[in-house]
Amino acid sequence: MNQFHEMTVFLAVADAQSFAAAARRLAMSAPTVTRSVAALERRLGALLLVRTTRSLRLTEAGQRYAADCRRILDEVEQADDAAAGVMAAPRGALHITAPALFGELHVMPAVLGYLRAHREVSVRTLLVDRVVNLMDEGVDVAVRIGPLPDSSLTAVPVGQVRRVVCASPAFLREHGVPEDLEALQRRCTITAAMEGRSAQWRFMQDGELHRLSMESQLTVTSFQAAVLAACEGWGLTQVVSYQVARHLQSGALQVVLREFEAPPMPVHVVYPEGRRSSAKVRSFVEFCVEALRRDLAALPV
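Residues numbered from 1 in each chain as written. Predicted model: local features only at pLDDT ≥ 70, side-chain atom pairs only at ≥ 80, totals over all residues. Heavy atoms only, no water.

This is how the line gets drawn: UniProt positions are given in the numbering used here, feature names are shortened, and annotations may be inferred rather than shown by experiment.
Per an unreviewed UniProt entry, the protein goes by HTH-type transcriptional regulator DmlR and derives from Achromobacter kerstersii. Under the heading Sequence similarities (unreviewed entry), UniProt records this for the protein: "Belongs to the LysR transcriptional regulatory family."

Put into C-alpha cells, the structure is as follows:
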C-alpha cells in the first residue's frame, strides 16, 4: 500500500472518527481500514489514534499528521488538475463553508444548482457562525461577511449587507417610531448575542462608529429567534438585512433609524491562493459568485 493511499485512509478515519464510517466512504472493508492505520502507525513509530470501545480521537501527533496529509493530498489533486488543463471536467469532493443562516438562505441554493450541473462533484457544507480556518479544516471555498483580514486568501466581492433595526408595524404604532439612539434605549428590545460575543448594537453617529451595550429584556442566541420575536410584536431588534429580507418585503417588519446605520458589510467568496487551478473550485466559484451577486442585488434597500 503506497503512502498516498495510507494518508487517504487515515484522513478518512480522522474525519469520520470511525473506522466503519471511513470504510463505507472508501468502499473498503473495516478490517482493511483498521490494518492500514495500524501499519501506518508502525511505520511512523507514533500513535496517531486513541481507540476505546465507544470513541476514537486523534493524538497530538495524529492532529499534526492529519493536517499535513490534508495539505499534501490537496496539493497532489491540484497538480493533477493543473496537468489535465483548464478544460478538465469538475470532479471529486468540494468542501464549502458559510455563516449558518446566510448559508441556508443563499449558499445552499447555489450548491444545489451547481450539483445539478456537475454530477461528478460531491459537496460537504459547513454552515457555522465562526471563522473557519480553510487550510486547517480542509475547506476549498468560503463565503465571508464583513471586512477581511490580510491573508493569502483570494477574495471575490459579491455584494454587501446592512445591519438594520426593525420592528413590527403593530409595535411601532403602539410605542412610536424611535427617532434617535436615546429613544431606542427606552423601548423594548430583542438582542441576538452569539456565545462568546458581547450584546452590542452598532451605529454611526456624528461620523463615528458607536457600540451600544443593550439591556434587553429578551436576549437570544439565534438571529432567527430574534426575528420571530420581532415579528410577534415583542420589540425592536438589530439584525443583518438578509435575515429579514422576506419579512420586510411582506410588511411583517419595518426598518427604523436608517440614518444611524453602520456602514454596509461586504460579502466575499474566498478560497486559498492557488486553489482555482482545480476545475471543481474554479467552476463552483464562478457559479456561486454569479448566484450570490444576483441574490444580494435583489435584497430590500
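A few points about the pattern of salt bridges
Applied cut-off: By salt bridge we mean one thing: a side-chain nitrogen of Lys or Arg within 4 Å of a carboxyl oxygen of Asp or Glu. Per the convention used, a helix needs a DSSP run of H or I reaching at least four residues, while a strand needs a run of E reaching at least two, with both numbered from the N terminus. The buried label goes to any residue with under 20% of its type's maximum accessible area, the exposed label to any with over 50%, and the partly exposed label to all in between, with areas taken from a 1.4 Å probe on protein chains only.
Evaluated as defined, the whole model comprises six salt bridges. Here Arg162 and Glu261 are joined by a salt bridge, their closest N and O atoms 2.9 Å apart. Separated by 99 residues along the polypeptide, Arg162 in the loop between strand S6 (153-161) and strand S7 (163-167) and Glu261 in the loop between strand S13 (254-256) and strand S14 (265-272) bring together distant segments of the chain. A relative accessible area of 17% places Glu261 in the buried class.

What about the packing of helix H1 (residues 3-16) against helix H2 (residues 19-26)?
Heads up, the condition is: To get an axis, fit a line to the C-alpha atoms, keeping to the stretch in contact for a helix; angles then go from 0 to 180 degrees between the N-to-C directions. In what follows, roughly perpendicular refers to angles from 65 to 115 degrees, roughly parallel to angles under 35, roughly antiparallel to angles over 145, and oblique to any angle outside these ranges. Should the near helix be turned counterclockwise from the far one by less than a right angle, the crossing is left-handed, whereas a clockwise turn marks it as right-handed. Any two residues having at least one pair of non-hydrogen atoms within 4.5 Å are treated as being in contact. Each residue is assigned to one class: nonpolar for Ala, Val, Leu, Ile, Met, Phe, Trp, Tyr, Cys and Pro, charged for Asp, Glu, Lys and Arg, and polar for all the others, Gly among them.
Their axes nearest at 8 Å, the elements H1 and H2 cross at an angle of 125 degrees. Taken as axis vectors, H1 and H2 run oblique relative to one another. Relative to H2, the crossing made by H1 is right-handed. Contact residues: Thr8, Val9, Ala12, Val13, Asp15 and Ala16 in H1; Phe19, Ala21, Ala22, Arg25 and Leu26 in H2. A class-by-class count of the residues in the contact of H1 with H2 yields eight nonpolar, one polar and two charged.

Here's the deal with the state of the cysteines
Throughout this description, disulfide means a covalent bond between two cysteine sulfur atoms. Condition: Disulfides are defined in this document as cysteine sulfur pairs within 2.5 Å.
On inspection of all chains with the given rule, the structure shows zero disulfides. There is no disulfide at Cys188, and the cysteine sulfur nearest it, in Cys166, is 15 Å away. Here Cys231 stays free of any disulfide, with the sulfur of Cys166 as its closest cysteine sulfur at 7.6 Å. On the basis of relative accessible area, Cys231 is assigned to the partly exposed category, the value being 24%.

Considering the layout of surface pockets
Which parts of space are left empty comes out when a probe the size of a water molecule is rolled across the atoms. Spelled out, the test is: The definitions used throughout rest on a 1 Å grid laid over the protein atoms alone, on which a cavity is an enclosed set of points accommodating a 1.4 Å probe that cannot get out and a pocket is an open set flanked by protein within 12 Å on both sides along at least five of seven lines; lining residues are those having an atom within 4 Å of a point. Grid points are joined across faces, edges and corners, and a volume is the space filled by probe spheres set on the points. An automatic or database domain assignment provides the domain bounds reported here.
Approximately 940 Å³ is the volume attributed to the second largest pocket. Around the second largest pocket, the lining comprises 28 residues; the ones closest to its centre are Leu11, Leu73, Glu77, Ala93 and His95. Looking at the lining of the second largest pocket, the elements with two or more residues in it are H1, H2, helix H4 (60-84), strand S3 (92-98) and strand S4 (121-127). Broken down by element, the residue count for the lining of the second largest pocket peaks at nine residues, all from H4. When we break the lining of the second largest pocket down by domain, the ones giving at least three residues each are domain 1 (3-82) and domain 2 (89-159 + 266-298).

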